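Working through the structure, step by step
Chain by chain, the residues run as shown.
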Amino acid sequence: MELQEAAPPPEAKGAVLETPYGAVHVTLVGAPRPARPALLTFPDVGHTHESCFAPLFAHHEMHEIVKNFLVVHVDPPGMEEGAPPYPAGYQYPSLEQLAEMIPCILQYLNIASIIGMGVGAGAFVLAKFGLLHPEAVEGLVLINIDPHAKGWMDWAAHKLSGLTSSTTEMILAHLFTQEELAAAPPPVREGRERLGATPNAPLLWAMYNSRGDLGLERSGAGSLRCPVLLVVGDNSPHEDAVVECNAKLDPTQTSFLKMADGGGQPQLAQPAKLTEAFKYFVQGMGYIPHVLDRQRRAGSVAASAMTRLSRSRTSSLGGAGGAGEGGRGRSLSRGSAGGAPPAP
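Report on the accompanying structure. Keep in mind the model is a prediction, meaning the values are calculated, not measured.

This part takes up the pairing of strand β8 (residues 254–259). Put simply, side chains in a regular strand alternate between the two faces of the sheet. With 6 of 6 residues buried, β8 is to be regarded as a mostly interior element. Once the chain exits strand β7 (residues 228–233) it traverses helix α10 (residues 239–248) before rejoining the sheet at β8, and the crossover so formed is right-handed.

For helix α3 (residues 95–109), built from 15 residues, the straight-helix expectation of 21 Å at 1.5 Å per residue is met to within 8% by its first-to-last C-alpha distance of 22 Å. Of all the positions in α3, only Leu95, Leu98, Ala99, Met101, Ile102, Ile105, Leu106 and Leu109 are classed as buried. The buried residues of α3 occupy one face: seen down the axis, they fall within an arc of 145 degrees. Relative to its buried face, α3 has exposed residues pointing more than 90 degrees away, namely Gln107 and Tyr108. A positive phi of about 60 degrees marks Asn110, the residue just after α3.

A general trend in soluble globular proteins is that nonpolar side chains are found buried together. Val72, Leu142 and Leu230 are the most contacted members of the largest nonpolar core, which has 60 residues in total. Not counting residues up to four positions away in its chain, the partners in contact with Leu142 are Gly118, Ala123, Ala127, Leu224, Val228, Leu229, Leu230 and Val231. Core analysis: the next-biggest nonpolar cluster, separate from the first, contains 28 residues, Cys52, Leu229, Leu257 and Ala277 among them.

So, on to helix α8 (residues 186–196). Among the residues of α8, Val188, Gly191, Arg194 and Leu195 are the ones counted as buried. Buried residues of α8 fall within an arc of 125 degrees about the axis and therefore sit on the same side. Away from the buried face of α8 by more than 90 degrees, exposed residues Glu193 and Gly196 are located. Buried residues along α8 sit in contact with α1 (49–58), α6 (167–175), α7 (178–183) and α9 (201–209).

On to the packing of aromatic side chains, then. By the definition in use, this model includes 6 aromatic pairs. Ring centres of Tyr86 and Tyr92 lie 6.2 Å apart, and the angle between their planes is 65 degrees; on these two criteria the pair is classed as edge-to-face. Its relative accessible area of 24% is what places Tyr86 among the partly exposed residues. Given a relative accessible area of 2%, Tyr92 falls into the buried group.

Across all of its chains, the model carries 5 salt bridges by this definition. Of the charged contacts in the structure, one is a salt bridge between Arg211 and Asp146, with a shortest N-O distance of 3.2 Å. Here Arg211 is found in the loop between α9 and β7, whereas its partner Asp146 is found in the loop between β6 (137–143) and α5 (152–164), with 65 residues between them in sequence. Per residue, the accessibility class of Arg211 equals that of Asp146, and both read buried. The salt bridge involving Glu169 is made with Arg192; its shortest N-O contact spans 3.1 Å. Here Arg192 lies in helix α8 and Glu169 lies in helix α6, a separation of 23 residues in the sequence. For Glu169, a relative accessible area of 32% gives the class partly exposed. If you follow the salt bridges from partner to partner, you end up with Asp234, Glu239 and Lys258 in one network.

Let us look at the side chain of Thr19. Within the secondary structure layout, Thr19 lies in strand β1 (residues 12–19). Within the local environment of Thr19, its side chain forms a polar contact with the backbone oxygen of Gly22, the two atoms lying 2.6 Å apart. Sequence-distant contacts of Thr19, that is, excluding residues within four places in its chain, are made with Val24, Met101 and Cys104.

Scoring rules and cut-offs
- Residues numbered from 1 in each chain as written.
- Predicted model: local features only at pLDDT ≥ 70, side-chain atom pairs only at ≥ 80, totals over all residues.
- Heavy atoms only, no water.
- Buried < 20%, exposed > 50% of the residue type's maximum accessible area, 1.4 Å probe, protein only.
- Helix = DSSP H or I, 4+ residues; strand = E, 2+ residues; numbered from the N terminus.
- Right-handed = clockwise from strand over helix to strand, strands pointing away.
- Expected span 1.5 Å × (residues − 1).
- Arc of directions from axis to C-beta.
- Core = buried A, V, L, I, M, F, W, Y, C linked by side-chain atoms within 4.5 Å.
- Contact = heavy atoms within 4.5 Å.
- Phe/Tyr/Trp six-rings, centres within 6.5 Å; stacked < 30°, edge-to-face > 60°.
- Salt bridge = Lys/Arg side-chain N within 4 Å of Asp/Glu carboxyl O.
- Polar contact = N/O pair within 3.5 Å; in protein donor to acceptor, adjacent residues only side chain to side chain.

See below:
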């Protein structure tokens, strides 16, 4: 079979947009496509869009998605590379206010709807946006989401940690597993170095830890009315929170991917597996079916690509940790379906 050289990815264009809650830096990749949503990303605390998503979007199969959508990478205010420090006493926007920045971005770029992809704090912001503006959200990929407000015990533990650990170390413990922190692989070392050069990161970290509860429900005003892909790595510090989130979402609209060897940042540790899962997710929404058809003909869809991509069942997860057998959901592997994607 003759191999064709892959086309270079589209050029990225940066812009700074003014919103009622401050200036926000966005990076655009590709061009708008008629009758298609944009793909909008929002990174976690301690990340820029580049450090959070570059390995995922650099994957060669992800270029197929970039070709089919306008990609909008959003950096929270003051978190873009080289951003100057805010003055003392500056009131950083809450996560709820960050969600309200997104309509300003979409209006300026003339975008009607999005598929959102967020990690940690970014996942919370996009979920909040989905609750506030369901008409503008066609799908959400939420990695490491914790939909709950901090309780008194969490608050006390956070305060105690602040007495014994620096903000940098607390953010790193939020991003990575204990095993990763002990081994200190390149992403951990790069994260520590990046946080040292990001003077505004403690402001966003404080807002994340004082967030309100999303109030998610399976139906009604607190429900997400779009397809949702929840993603978390094995042994992630957010594993329990994502399992709980899965129990609160509409099981007919939600898929749950617990990724083996995903670590604290699955989009960094396993970009190939996440790319493949994302393609199935987007195809289930009716987009880019030709990409997956071509992959199936080539026999490139592996049944072992992920630990679990499951549709939740109508029963809720049993117990606080989600250990009940009735709530685990129906396991869907590509091999069990003969290489075909899960039914949307």
